[in-house]
Amino acid sequence: MKPVLNRKQPCGELSIKDVGRSVCIAGWVEARRDLGGLIFIELRDASGKVQLVADPQVNKDVHDKLSTLRSEYVIAAAGSITSRPEGSQNPEMPTGAVEIYPQAVELLNTCRPLPFQLQEAHQVDEALRLKYRYLDLRRPEMLSNLKLRHEVTQSIRNYLDKQGFIEVETPMLTRATPEGARDFLVPSRLNPGHWYALPQSPQLFKQTLMISGVEKYYQVARCFRDEDLRADRQPEFTQIDLEMAFTCEEEVMTITEGILQSAFASAGIDLHLPFKRLSYNECMQRFGSDKPDLRFGFELKDLTTLGRTCQFNAFRQTVDCGGQLKAICLPGLANSASRKQLDSWQTFARSCGAKGLAWISFGSDGVRSSGISQHFTASDLETMRSLADCRIGDVILLVADKPAIVANVLGRLRIKLAEELNAIDKTAHELLWVTEFPMFEFDDVENRLAAVHHPFTSPHPDDVELLNTTPLAARARAYDIVYNGVEIGGGSIRIHSQEVQEKAFAAIGLSHQEAHDKFGFLLEALESGAPPHGGLALGLDRIVMLLAGCKSIRDVIAFPKTQSGACLMTGAPSSASREQLAELNVMMADSR
């Protein structure tokens, strides 16, 4: 049946200046209160809430209708806006100065008893919220997240449009991509025995666009990776993907800084340009991480020279075998750090892979330690304090091990310490470019070299020849953007020479034939007048999550998957019928 009342005005946009105006509104009943004959309804739509009032002495028919309403019933109401009586205004509500005495009310739909109350959803198990996502999304905070996502996306589109970029869609059905995460495969009905893959990124297509003469491309790209999930990972996700021809690192970074400045402004955050820049090696040396959080100190201090000369065998032997001795100084904790607290940090360090964590406390009344101070002379202790930037009243935490283990342990411990000691400035917005990543790393599982970013990343001009001799020493023209310790994007200048691309493939163990079988179209394109080019991809889900202050990207995606990759609302993934599988020439393993 066609509704009699047609909404003309959003609920949340009414204000004191509208008093006396007749309006027709519609929405969901959030609450009903019956107070001494008067019935009060809080009516909610996507814009906000407004209060309806029914007096049986004024309009009994409307009063009777409102008395039958329950939570989440859908109604329309028409009436004049009045100001609330003195003392009854609600300053916490944008429409809290006005209310409506409806002259007419229409019930548009009822609502069954809900599996959870919307106002109590934050106390409900997430699995239940995801199963009834259409209810969860009615909550103002969830709608606010989706609006923020829209505003961030629009601001990015507007910025890139002004910079001369054009949006180009790339295929969703493509060829499987080796050298990355697992692909989602799609069987081809028309080509029995052959499979498409859903794109992990538009990487090869956007490079091909540069070779095609599309000099400034971007896309709000849907991407797919069949990998284990975490709070900030989904099997399908969205990235802001861009690429430019005839460019360099500086230009890509400048464009990206403009993108982020526009995006953050959508959330009311003013970013100051340019962002800080640190090389990969400096990040690892100072912070033990390639995505350091710069909102606090606790930098790693290198005490390896002391480890080489001291009389403490555990430190000296580790350093003599190529290891490192590094420390974190905790200012002012000599008299306040409890033994229980120090023991908990030692336990944490061992859980991260350290053999142990030593500590020395330089109190005003003398030196305390985890049993190692007697192995150091007074001169050694002074050297230790100097190298660690430590003063009287401070505590030093020390780890000696292989460089990778030292970085991992102290890098993770640094974050734990900052959280426990409330050392993080929650109001800060620290953005950082991390540059000069290594080209390759050794993959213990595959027992070969793998690209740190991807094998299409250009080597540093000074390191091209290292691809043939010592590829692990080669630096990449790669760059990541980090926000408060979270990587939100990354990119590189790409290889535009077919010869150099062949060398990169060879370094990761691809033979000439394998490289042409897997990437023949790219190698041919690179021989067809490929310009220098580079770009970047920003994780839209992750950026919006951080701007919204959420702990999971599931809270900023309309219909996310669980950590097992399931959609609890629709029941995906689901089984396919034998007829469907037969049509696709696919047979289940257990049906043979």
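Residues numbered from 1 in each chain as written. Predicted model: local features only at pLDDT ≥ 70, side-chain atom pairs only at ≥ 80, totals over all residues. Heavy atoms only, no water.

Q: I keep staring at the environment of Leu300 and nothing clicks. Help me out?
A: Tracing the backbone shows Leu300 in strand 12 (residues 300-302). Overall, Leu300 belongs to the buried group, its relative accessible area being 5%. The spacing of Leu300 and Arg189 is 111 residues in sequence and 57 Å in space, taken between C-alpha atoms. Not counting chain neighbours up to four residues away, the residues in contact with Leu300 comprise Met284, Gln285, Arg286, Phe287, Gly288, Lys326, Ala327, Ile328, Leu410 and Arg414. (Helix = DSSP H or I, 4+ residues; strand = E, 2+ residues; numbered from the N terminus. Buried < 20%, exposed > 50% of the residue type's maximum accessible area, 1.4 Å probe, protein only. Contact = heavy atoms within 4.5 Å.)

Q: Could you clarify how one ought to interpret the sheet that holds strand 4 (residues 74-83) in this entry?
A: Sheets are built from strands paired through backbone hydrogen bonds, the pairs being either parallel or antiparallel. Reading around the circumference, 1-2-3-5-4 is the order of the 5 strands in this closed barrel, with mixed pairing throughout. Averaged over all neighbouring strand pairs, the angle between strand axes comes to 50 degrees, with direction disregarded. Here strand 4 runs beside strand 5 (residues 98-109); their pairing, made up of 10 bridges, is antiparallel. For Ala78, the partnering residue across the bridge sits in strand 5 and is Ala104. Relative to the sheet, helix 1 (residues 60-67) contacts strand 1 (22-35), strand 2 (38-45), strand 3 (48-54) and strand 5, its axis offset from that of strand 5 by approximately 65 degrees. (Pairing = 2+ DSSP bridges. Axes fitted to C-alpha atoms, helices over the stretch in contact; angles between N-to-C directions.)

Q: Mind showing me how you'd approach the pattern of salt bridges here?
A: Side chains carrying opposite charge are able to pair once their charged atoms draw close together. Overall, the coordinates contain 38 salt bridges when judged by the stated rule. One salt-bridge network, in which partners are shared between bridges, spans Glu30, Arg33, Glu42, Arg44, Lys49, Glu72 and Arg138. (Salt bridge = Lys/Arg side-chain N within 4 Å of Asp/Glu carboxyl O.)

Q: What is the right way to look at helix 12 (residues 403-420) in this model?
A: With 18 residues, helix 12 should reach 26 Å at 1.5 Å per residue; the first-to-last C-alpha distance of 25 Å fits that figure. Three or more residues of helix 12 are buried, namely Val406, Ala407, Val409, Leu410, Gly411, Leu413, Arg414, Leu417 and Ala418. Its buried side turned inward, helix 12 meets helix 7 (280-287), strand 12, strand 13 (324-330), helix 10 (339-351) and strand 16 (395-401). Just downstream of helix 12, Asn422 is the residue with a positive phi angle, here 55 degrees. (Expected span 1.5 Å × (residues − 1).)

Q: Would you mind going over the packing of helix 14 (residues 498-507) against helix 15 (residues 512-526) with me for this structure?
A: One way to put it is that helix 14 packs onto helix 15 with a least axis distance of 11 Å and a crossing angle of 155 degrees. Considering the angle they form, helix 14 stands roughly antiparallel to helix 15. By crossing handedness, the relation of helix 14 to helix 15 is classed as right-handed. Contacts between helix 14 and helix 15 involve Gln498, Gln501, Glu502 and Phe505 from the former and His512, Ala515, His516, Phe519, Leu522, Leu523 and Leu526 from the latter. Looking at side-chain class alone, the contact of helix 14 with helix 15 contains 6 nonpolar, 4 polar and 1 charged residues. (Parallel < 35°, antiparallel > 145°, perpendicular 65-115°, else oblique. Left-handed = near helix turned anticlockwise from the far one by under 90°. Nonpolar A, V, L, I, M, F, W, Y, C, P; charged D, E, K, R; others polar.)

Q: Could you clarify how one ought to interpret the packing of aromatic side chains in this entry?
A: The description of two aromatic rings rests on the distance between their centres and on the angle between their planes. What the rule picks out here adds up to 11 aromatic pairs. Judged by centre distance (6.0 Å) and plane angle (85 degrees), the rings of Trp433 and Tyr479 are edge-to-face. With a gap of 46 residues between them, Trp433 in strand 17 (residues 431-435) and Tyr479 in strand 20 (residues 478-483) connect regions that are remote in the sequence. Comparing Trp433 with Tyr479 shows no difference in burial state: the two are buried. Note on Phe456 and Phe519: the rings are 5.4 Å apart at their centroids and 75 degrees apart in plane angle, and the pair reads as edge-to-face. Here Phe456 is found in the loop between strand 19 (448-451) and helix 13 (466-469), whereas its partner Phe519 is found in helix 15, with 63 residues between them in sequence. Exposure remark for Phe456: the relative accessible area of 6% places this residue in the buried category. What links up through ring pairs into an aromatic cluster is the set Phe312, Phe315 and Phe376. A cation over a ring is seen here: Lys131 above Tyr132, with NZ or CZ 5.7 Å from the ring centre. The ring of Phe348 has Lys416 sitting right over it, with the charged end atom 5.1 Å from the ring centre. (Phe/Tyr/Trp six-rings, centres within 6.5 Å; stacked < 30°, edge-to-face > 60°. Lys NZ or Arg CZ within 6 Å of the ring centre and 35° of its normal.)

Q: Honestly, the pairing of strand 19 in this entry has me stumped. Any pointers?
A: Here strand 18 (residues 440-443) runs beside strand 19; their pairing, made up of 4 bridges, is antiparallel. Note that in strand 19 the partner of Phe440 across the bridge is Ala451. Taking the residues between adjacent antiparallel strands as the criterion, strand 18 and strand 19 are bridged by 4 residues, where Asn447 takes a positive phi near 60 degrees.

Q: Help me understand the pairing of strand 22 (residues 533-539) in this model?
A: One face of the sheet, then the other: side chains in a regular strand alternate in exactly this way. When you tally the buried positions in strand 22, you get 6 out of 7 residues, the bulk of the element. Relative to strand 22, strand 10 (residues 236-245) runs antiparallel, the two being bridged by 7 bridges. Along strand 22, the bridge assignment pairs Gln239 with Gly539. Pairing of strand 21 (residues 486-493) with strand 22 involves 5 bridges; the strand directions are antiparallel.

Q: Please explain the nonpolar core as it appears in this structure.
A: A general feature of soluble globular proteins is that nonpolar side chains tend to end up buried together. Leu160, Leu260, Phe264 and Leu431 are the most contacted members of the largest nonpolar core, which has 38 residues in total. With 7 residues, helix 6 (residues 249-266) is the largest single contributor of residues to this core. If sequence neighbours within four positions are ignored, Leu260 has contacts with Leu271, Phe275, Leu431, Ile481, Ile488, Leu538 and Ile543. Grouped together as the second largest cluster of nonpolar side chains are 33 residues, Leu432, Phe456, Ile508 and Ala530 included. (Core = buried A, V, L, I, M, F, W, Y, C linked by side-chain atoms within 4.5 Å.)

Q: Would you mind going over the sheet that holds strand 15 (residues 366-369) with me for this structure?
A: Strands sit in the order 12-13-16-14-15 across an open sheet of 5 strands; the sheet is antiparallel. Each edge of the open sheet is held by one strand with a lone partner, namely strand 12 and strand 15. Recorded for the sheet is a direction-independent mean angle of 25 degrees between the axes of neighbouring strands. For strand 14 (residues 358-363) and strand 15, the ladder comprises 4 bridges, and the chain directions are antiparallel. Within the sheet, the bridge partner assigned to Gly363 lies in strand 15 and is Gly366. This element, helix 11 (residues 378-387), spans strand 12, strand 14, strand 15 and strand 16 of the sheet and lies at about 95 degrees to strand 14.

Q: Could you clarify how one ought to interpret unusual backbone geometry in this entry?
A: In most cases, non-glycine residues show a negative phi, while peptide bonds are predominantly trans. Cis geometry marks the peptide bond from Leu273 to Pro274, where omega comes out at -5 degrees. Topologically, Pro274 is positioned in the loop between helix 6 and strand 11 (276-279). In this structure, Pro573 follows Ala572 across a cis peptide bond, with omega equal to -5 degrees. Take Pro573: it is sitting in the loop between helix 16 (540-548) and helix 17 (578-583). Here Phe246, not a glycine, exhibits a phi torsion of approximately 55 degrees, which is positive. With respect to the helices and strands, Phe246 occurs in the loop between strand 10 and helix 6. When its relative accessible area of 56% is taken as the criterion, Phe246 is described as exposed. With a phi angle near 55 degrees, Asp389 is a residue other than glycine that sits in the positive phi range. The residue Asp389 is located in the loop between helix 11 and strand 16 in this model.

Treat this as a map of the structure, not an account of what it does.
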